[in-house]
Amino acid sequence: MKFRPIAAAFGLALLGSAAQAQTVFTASSWVPPTHPLSVSQKQWCDALEKESAGRMKCNILPKAVSAPPGTFDAVRDGLADISFTVDGYTPGRFLTTQVAEFPFLGDNAIATSVAYQKIYSKYFAPMGEHKGVKVLGVFTHGPGVIFNSKKPVTHAADAASLKWRIGGGNINELTKLLGWNTTLKPATEAFELLSTGVMDGTLFPDESVSAFKLSMIKHATTFPGGLYNTSFVFMMNPGKYDALSAQDKAVVDKLSGEFVARTYGVNWERADDASVNGAQKAQGVARVQANEAFINEVKAKQAPLEDKWAAAVEAKGLKNPKAVLAEFRAEIAKVK
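Let me sum up the structure you'll find in this document.

Parameters and conventions
- Residues numbered from 1 in each chain as written.
- Predicted model: local features only at pLDDT ≥ 70, side-chain atom pairs only at ≥ 80, totals over all residues.
- Heavy atoms only, no water.
- Helix = DSSP H or I, 4+ residues; strand = E, 2+ residues; numbered from the N terminus.
- Contact = heavy atoms within 4.5 Å.
- Polar contact = N/O pair within 3.5 Å; in protein donor to acceptor, adjacent residues only side chain to side chain.
- Salt bridge = Lys/Arg side-chain N within 4 Å of Asp/Glu carboxyl O.
- Buried < 20%, exposed > 50% of the residue type's maximum accessible area, 1.4 Å probe, protein only.
- Pairing = 2+ DSSP bridges.
- Axes fitted to C-alpha atoms, helices over the stretch in contact; angles between N-to-C directions.
- Core = buried A, V, L, I, M, F, W, Y, C linked by side-chain atoms within 4.5 Å.
- Right-handed = clockwise from strand over helix to strand, strands pointing away.
- Parallel < 35°, antiparallel > 145°, perpendicular 65-115°, else oblique.
- Left-handed = near helix turned anticlockwise from the far one by under 90°.
- Nonpolar A, V, L, I, M, F, W, Y, C, P; charged D, E, K, R; others polar.
- Lys, Arg positive; Asp, Glu negative; His and termini not counted.
- Expected span 1.5 Å × (residues − 1).

Attention now goes to the environment of Asn148. Within the element layout of this structure, Asn148 appears in strand E5 (residues 145-148). Sequence spacing of Asn148 and Leu95 is 53 residues, and the spatial spacing of their C-alpha atoms is 29 Å. Not counting chain neighbours up to four residues away, the residues in contact with Asn148 comprise Val153, Leu162, Trp164, Asp200, Gly201, Ile217, Lys218 and His219. Among the polar contacts listed, one links the side chain of Asn148 to the backbone oxygen of Lys151, at a separation of 2.8 Å.

Rendered as structure tokens:
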């Protein structure tokens, strides 16, 4: 009988040790909790906890550890263990990923995200542009739309008379060639810029009208496949990943790649649809589709940018970049 307290104490110590062995990841988001980016990150964290039988979980921080452009470095340096960022927020840093920013790619975030992940894994990941973080997955938002508070935009000249917030990447170069007055700012600054009249409009996917409460938006111009897209990376601090057991690394790996791309793509597609049929309808946003002349003008300006991209990534070691772009477009068409 006298040995039982010792055994009990030993058992409690083991339980305490097991509890301490749980890995907790700090997860940071720079958009509201209801935004598809935050929703998708939360779903991923829930899947991580479930698949690991509780050995791993996330502590989602109440506020971002960094402004959006600094998020990549924040995860690399361990200020947060998990987060996402827009590659185009740091101009010139990422070249291969610009392929996911081109116009006319696809009409929903699921297809472009899953196809982009396949192309990224096959061609871009080995080139190491995201060196410094553990890439969990890449994805895109839904097709980019022209939104403004002033007037219908049916021709490139209409847009040239207004002031625009843009998020960077290929669209930054494209709008310059189109002669538009644009300013590179993160999505989180859109409301202030538009509500104060500093900017007349913004280029966004549909969901952003709801997500950022852009009640001043009255006009939207859509393009088949989108005027632009945005390349995102979902990432983990590499030291945190390296410290995991082989069993837990396998769980993270299982939830990487296409699982990430499809999770973010599905949530973004739902949010796009909800915004069009909800907030945009309620505030009377007038939607028009770009005519053939407008589309052809964009195509003419985009062509040299694709040549420029191909030359730049070929110089970095990507073979046959135009064929990679063609394969990407073909993959988008195949995604179910």
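What follows deals with the pattern of salt bridges. For the structure on display, the rule yields 16 salt bridges. The partner of Asp248 in a salt bridge is Arg55, and the shortest N-O contact between them spans 2.7 Å. Of this pair, Asp248 sits in helix H10 (residues 246-254) while Arg55 is found in the loop between helix H2 (36-51) and strand E2 (56-60), placing the two residues 193 residues apart along the sequence. Across the pair Lys118 and Glu331 runs a salt bridge whose closest N-O atoms are separated by 3.9 Å. Taken together, the positions of Lys118 in helix H4 (residues 109-124) and Glu331 in helix H14 (residues 321-334) put the pair 213 residues apart, joining distant regions of the chain. We classify Lys118 as partly exposed; its relative accessible area is 39%. You can call Glu331 buried: its relative accessible area is 13%.

Paired through their backbone hydrogen bonds, the strands of a sheet run either parallel or antiparallel. Strand order in the open sheet formed by six strands is E7-E6-E8-E5-E9-E11, and the pairing between neighbours is mixed. Each edge of the sheet is formed by a strand with only one pairing partner; in this case those strands are strand E7 (181-184) and strand E11 (286-289). Taking each pair of neighbouring strands and ignoring which way they run, the sheet shows an average axis angle of 25 degrees. As paired elements, strand E9 (residues 219-222) and E11 share four bridges and run parallel to each other. Note that in E11 the partner of Thr222 across the bridge is Gln289.

If you look at the biggest cluster of nonpolar residues, it comprises 66 residues, and the most contacted ones within it are Trp44, Trp180 and Leu227. The residues touching Trp44, leaving out its near neighbours within four places in the chain, are Ile82, Leu136, Phe234, Met236, Leu255, Phe259 and Val260. With 28 residues, the next largest nonpolar core counts Ala100, Met235, Leu325 and Phe328 among its residues.

As paired strands, strand E6 (residues 163-166) and E7 are joined by four bridges and run parallel to one another. Residue pairing in the sheet places Ile166 in a bridge with Leu184 of E7. Crossover connection from E6 via helix H6 (residues 170-178) to parallel E7: handedness right-handed.

In this section: the packing of H4 against helix H11 (residues 258-277). Running from N to C, H4 and H11 cross one another at 160 degrees; their axes reach a closest spacing of 7 Å. When the axis of H4 is compared with that of H11, the two are roughly antiparallel. Along this stretch, H4 crosses H11, giving a crossing that reads as right-handed. The segment H4 lies against H11, with Ala109, Ile110, Ser113, Val114, Gln117 and Lys118 engaging Glu258, Ala261, Arg262, Gly265, Val266, Trp268 and Glu269. Residues belonging to the contact of H4 with H11 are distributed by class as follows: six nonpolar, three polar and four charged.

Here we take up the side chain of Asp272. Examined against the element boundaries, Asp272 turns out to sit in helix H11. Buried charged residue Asp272 carries no salt bridge. Nearest counter-charge: Arg287, at 8.4 Å. Reaching out from Asp272, the side chain makes a polar contact with the backbone nitrogen of Asp206 at a distance of 3.4 Å. Within the structure, the side chain of Asp272 is placed 2.8 Å from the backbone nitrogen of Glu207, a separation counted as a polar contact. If we ignore the near neighbours within four places in the chain, the residues touching Asp272 are Gly142, Pro143, Pro205, Asp206 and Glu207.

In this section: H2. The end-to-end C-alpha distance of H2, which contains 16 residues, comes to 22 Å, matching closely the 22 Å that a straight helix rising 1.5 Å per residue would cover. Residues Pro36, Leu37, Ser38, Ser40, Gln41, Trp44, Cys45, Ala47 and Leu48 constitute the buried set of H2.

Now for unusual backbone geometry. You will see that Ala53, though not glycine, has its phi angle at about 55 degrees, which is positive. Mapped onto the secondary structure, Ala53 falls in the loop between H2 and E2. The backbone phi angle of Asn320 is positive, close to 55 degrees, even though this residue is not glycine. Inspection of the secondary structure assignment puts Asn320 in the loop between helix H13 (292-315) and H14. The exposure class assigned to Asn320 is exposed, which follows from its relative accessible area of 53%.

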